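Listed here are the chains, written in short residue letters.
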Amino acid sequence: MSSLDLLSQGFAIALQPHNLFLCFVGVFWGTVVGVLPGLGPLAGLTLLLPLTFKLDANGAIIMLSGIFYGAMYGGSTTSILMRIPGEAASIVTCLDGYAMARQGRAGTALVVAAVGSFIGASVSIVGLMLFAPPLAELMVRIGPVEELALLLLTLMVVSFVSQSRLPKTAAMIFLGFLIASVGLDPVEAVARYTFGLIELTDGINFVAIAIGLFGISEILLTIERIATVQPIRPAFRDLLPRWSDLKASMPAIMRGTGIGFLFGLVPGPSGVLSTFTSYALEKRISGDPDSFGKGRIEGVAGPETANNATTGAAMIPLMVLGIPSIPATALLLSALIIHNVQPGTLMIQQHPEVFWGLIASMYIGNAMLLVLNLPLVGIFVNLLRIPYAYLAVLITVFCVIGVYTLRSTTFDIMVMLAFGAIGYALRKFEYDVAPLLLAVVLGDRIESAFRQSLIVTSGDYWRLATSSFVQAIAGALVLILAVRLVIRALGYRKHDLPPPE
Amino acid sequence: MSDAADPREEDPGDEAPFLVRVRTGEAVIAAMLLALAVAAGVLAGRLPLGTWRLPNAGFFPLVAAVGLAVSSAAVLVGAGLGGTRGGTAGVPIGHLQGAALLLGLLAVAWGFERLGFVVLWPVCVLLLVLLTRLGWLRSAAVAGAFVAGAYLVFATLLGLQLPAFVIF
């Protein structure tokens, strides 16, 4: 069956009324969490995860991915109108977006951000559609040695691009491995670090860790600095951009699409990095770099497009390899597993309806977002009038429900609480918690692949080292170093990033 | 950042009781991680380690513990040399609201299956009293609406497995 046939089947699934409704709920909620400071895609996903337990796999993944890419759209609104990034990837948009708003060009900035987001996201979905199936076919043939190489490469890249210094990131990765070791070992089922507790036999619940590290710790950090905001309110007629603005932003949108797609494939804070790189590139190639930060449309168009182009690309390693490249896709991985769909090399063959239904729903969801984000911008801005205290209480209740319903045990609430406190302390002192979460997710698989690789090679490390293992790692590392050099040449420095989230 | 006025009006709220330097904080965390690594390494050593060629259950945790020990020691040394970008800047920690949230969640973990879903209510009241200026009665009403609404949606309408609203 050709890709077009499969895509049309996907549309048949995505256009079913209940799936359309779930897609709408997902993108709407995603926009809301993107708009609200202190709530990002991960918090949005964790809060609605319990709602998906009664849905089929298609409906669940359509809604949850809608939250993921919807949050990327929503983040720009508050950046432009209030200089408050709704989520980390929208920080750069504050620079020129808010300056434009102060000059009475908020509507133009919002429209260009929305159009750029739409184009970037749509192109990345095309990329996902084109690259994922052939890549999956190729990946079916890989063995444990190659899998180990890929998994280690993922963590190496994460440590390279993390916002923390290398020793801190390494500490987080090894801590993640230790947490992943809790429970029965994956090969011989020997109990490790269980201390006689039956709840630890299956390991520590990943979702409880994620909600603690990102949900509870975020509340703890945000309630310390509750602020009131005075947004700029654009009139509806201001939403029509000038031709000159559109003309000026189109090349930046195209460049942002390419940057975002490439960064989306790379594990780590791809959304944030892609926006900084896009901004640096626009500034570098502009004839008047000093005007950046003072209301240049390219400073909004490029980063916002790049940010949204990462979403489709980030789905490729998840769908094809079962490797989440960022915490939000790690939660999508958990959601798929909860619904008995194992992301990885065989997913597209075994569950084509889920994969193609998701692709089709992403096209539909992006069109919905374009429509939602322009006329309804006033409504979303009004959400910021809700005091954060109420949101904090509501999020806390949702977190407790979400964690408890996974395994019906209060032990997981304790885990969430503990990781909330740990996440708060780590984030306060600039330890990046994203590598920790990814190491927890990948730890089991790395151990299994490592031990199976040694069985395959009869414990011969030399054979392991001279196989495609080292070649793949070495090649990829050279590529990463080259990309880092290019990024540095464009003017990006690690300390340009915001503190770790 | 643009030179335009900042639209945020910070509400200073309660002062944090502790101001910790970034360097000190990261060193304390690194020391705790180092202690954890040593403990985890000792426990892993009691598991069957296998051989270098054919590792067993204790091998991977032992490698992780050694890695954690080395990297946290490196952070400790770095903090001692003053390599952190935060340097001597003070980080406020230990706000009353945060402590209340953590204690409240502890109470929820204890009482969720003993007292019922309703145990979330006093926790939400406490949070609202601390985070807003609503007063006890209005906070109780708002929190009651939140908790009852959440139970209605998740347990009654969606049929998720949650403890009864009140367990006698």
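Residues numbered from 1 in each chain as written. Chains lettered and ligands numbered in written order. Predicted model: local features only at pLDDT ≥ 70, side-chain atom pairs only at ≥ 80, totals over all residues. Heavy atoms only, no water.

Trainee: Looking at this structure, how should I read the overall build of chain A?
Mentor: Counting its secondary structure elements, chain A contains 21 helices and three strands. About 17,000 Å² of surface is accessible on chain A, with carbon and sulfur atoms providing 68% of the total. (Helix = DSSP H or I, 4+ residues; strand = E, 2+ residues; numbered from the N terminus. Areas by Shrake-Rupley, 256 points an atom, 1.4 Å probe, with all protein chains shown as cover.)

Trainee: Explain the interface of chain B and chain A here, please?
Mentor: One widely used convention gives an interface's size as the accessible area the parts lose upon coming together. On the side of chain A, 86 residues touch chain B, which itself brings 79 residues to the contact. Interface area, chain B with chain A, both sides summed: about 7,000 Å², of which 72% is carbon and sulfur. The residue B:Glu26 makes a salt bridge to A:Lys168 at a minimum N-O spacing of 2.5 Å. For the side of chain B that touches chain A, the secondary-structure elements that each account for two or more residues are β1 (8-10), β2 (18-21), α1 (22-45), α2 (59-81), β3 (90-93), α3 (96-111), α4 (120-131) and α5 (136-157) of chain B. The dominant element in the side of chain B that touches chain A, judged by the number of residues it contributes, is α2(B), at twelve residues. Looking at the side of chain B that touches chain A, its residues break down into 53 nonpolar, 16 polar and ten charged. (Contact = heavy atoms within 4.5 Å. Buried area = accessible area lost by both parts, 1.4 Å probe. Salt bridge = Lys/Arg side-chain N within 4 Å of Asp/Glu carboxyl O. Nonpolar A, V, L, I, M, F, W, Y, C, P; charged D, E, K, R; others polar.)

Trainee: Help me understand a nonpolar patch on the surface in this model?
Mentor: Where nonpolar side chains cluster on the molecular surface, the patch consists of A:Val126, A:Leu130 and A:Phe131 and spans about 270 Å² of accessible area. Counting through the fold element by element, A:Phe131 comes out in helix α6 (residues 106-139). (Patch = residues over 30% accessible without salt bridge, like charges linked within 9 Å, V, L, I, M, F, W, Y side chains within 5 Å.)

Trainee: So what exactly am I meant to see when it comes to the environment of B:Ala145 here?
Mentor: Relative to the helices and strands, B:Ala145 resides in helix α5. Taking the C-alpha atoms as reference points, B:Ala145 and B:Trp121, 24 residues apart in sequence, are found 9.1 Å from one another.

Trainee: Please explain the environment of B:Leu62 as it appears in this structure.
Mentor: Residue and element names in this part refer to chain B. If you trace the backbone, Leu62 turns up in helix α2. Sequence separation between Leu62 and Gly41 is 21 residues; the distance between their C-alpha atoms is 5.2 Å. Not counting residues up to four positions away in its chain, the partners in contact with Leu62 are Gly41, Ala44 and Leu49.

Trainee: Would you explain the side chain of A:Asp245 in this entry?
Mentor: Residue placement: A:Asp245 occurs in helix α10 (residues 243-265). Here A:Asp245 is in contact with A:Arg105, A:Thr108 and A:Ile297, once residues within four sequence places are set aside.

Trainee: Help me understand the pattern of salt bridges in this model?
Mentor: Two side chains bearing opposite charge may form a pair once their charged atoms approach each other closely. Residues and elements named next belong to chain A. With the rule as written, the count across this model stands at twelve salt bridges over all chains. The partner of Arg296 in a salt bridge is Glu298, and the shortest N-O contact between them spans 3.0 Å. One salt-bridge network, held together by shared partners, links Asp185, Glu188, Arg192, Glu447 and Arg451.

Trainee: When you look at empty space enclosed by the protein in this model, what are you seeing that I'm missing?
Mentor: One water molecule sets the probe size; rolling that probe over the atoms shows where empty space is left. All names here are of chain A. Counted according to the given criterion, the structure contains one cavity of 30 Å³ or more. Its boundaries defined by the atoms lining it, the largest cavity holds a volume of some 60 Å³. If you trace the largest cavity, you find it lined by Tyr73, Ser76, Thr77, Leu110, Ala113, Ala114, Ser117, Asn373 and Leu374. Contributing elements (two or more residues each) for the lining of the largest cavity: α4 (57-82) and α6. Among the elements that take part in the lining of the largest cavity, α6 stands out by supplying four residues, more than any other. (1 Å grid on protein atoms, 1.4 Å probe; cavity = no way out; pocket = protein on both sides within 12 Å on 5 of 7 lines; lining within 4 Å. Points joined across faces, edges and corners; volume = space filled by probe spheres on them.)

Trainee: Looking at this structure, I do not really get the confidence of the model for chain A. What am I missing?
Mentor: Caution applies to low-pLDDT parts of the model: their predicted coordinates are not meant to be read in detail. Residues with a pLDDT of 70 or more make up 89% of chain A, whose mean pLDDT is 82. Scored below 50 in pLDDT, residues 494-501 of chain A shows 35 contacts in the model against residues more than four places distant or in partner chains. (pLDDT = per-residue confidence, 0-100.)

Trainee: Mind showing me how you'd approach the packing of aromatic side chains here?
Mentor: By convention here, two paired aromatic rings are described through the distance between centres and the angle between planes. What the rule picks out here adds up to 17 aromatic pairs over all chains. With centroids separated by 6.1 Å and ring planes inclined at 75 degrees, the aromatic side chains of A:Phe174 and A:Phe177 adopt a geometry described as edge-to-face. With A:Phe174 and A:Phe177 both in helix α8 (residues 166-181) and three residues apart, the pair spans about one turn of that helix. Connected via pairs of aromatic rings, a cluster forms that spans A:Tyr404, B:Phe112, B:Phe117, B:Tyr151 and B:Phe165. Directly above the aromatic system of A:Tyr431 lies the positively charged group of A:Lys168, at a separation of 4.8 Å from the ring centroid. (Phe/Tyr/Trp six-rings, centres within 6.5 Å; stacked < 30°, edge-to-face > 60°. Lys NZ or Arg CZ within 6 Å of the ring centre and 35° of its normal.)

Trainee: Would you mind showing me how to read the pairing of β3(B) here?
Mentor: Looking along a regular strand, one sees the side chains alternate between the two faces of the sheet. Residues and elements named next belong to chain B. Of the two faces of β3, the one lined by Val91 and Ile93 is fully buried and the one lined by Gly90 and Pro92 carries no buried residue. Examined bridge by bridge, β2 and β3 share four bridges and lie antiparallel to one another. Its bridge partner being in β3, Val20 is matched across the sheet by Val91. (Buried < 20%, exposed > 50% of the residue type's maximum accessible area, 1.4 Å probe, protein only. Pairing = 2+ DSSP bridges.)

Trainee: Just checking my understanding: could you explain the environment of A:His339 for this structure?
Mentor: All names here are of chain A. Along the polypeptide, His339 turns up in the loop between α13 (327-338) and α14 (347-350). Taking the relative accessible area as the measure of exposure, His339 reaches 14% and is therefore buried. C-alpha of His339 to C-alpha of Phe53: the two residues are 286 residues apart in sequence and 7.8 Å apart in space. When neighbours within four sequence positions are excluded, His339 is seen to be in contact with Thr52, Phe53, Leu55, Asp56, Ala57 and Ala60. A polar contact is formed between the side chain of His339 and the backbone oxygen of Leu55, at a distance of 3.4 Å. (Polar contact = N/O pair within 3.5 Å; in protein donor to acceptor, adjacent residues only side chain to side chain.)

Trainee: Sorry, what's going on with α5(B) here?
Mentor: For an α-helix the count is 3.6 residues per turn, leaving residues at separations of three or four pointing the same way. With 22 residues, α5(B) should cover 32 Å at 1.5 Å per step; its first-to-last C-alpha distance of 30 Å lies within 8% of that length. Where α5(B) is concerned, the buried positions are B:Ser139, B:Ala143, B:Val147, B:Ala150, B:Tyr151, B:Phe154 and B:Ala155. On the buried face of α5(B), the contacting elements are α17 (388-407) of chain A together with α4 of chain B. Phi for B:Gly159, located one or two positions after α5(B), is positive at around 70 degrees. (Expected span 1.5 Å × (residues − 1).)

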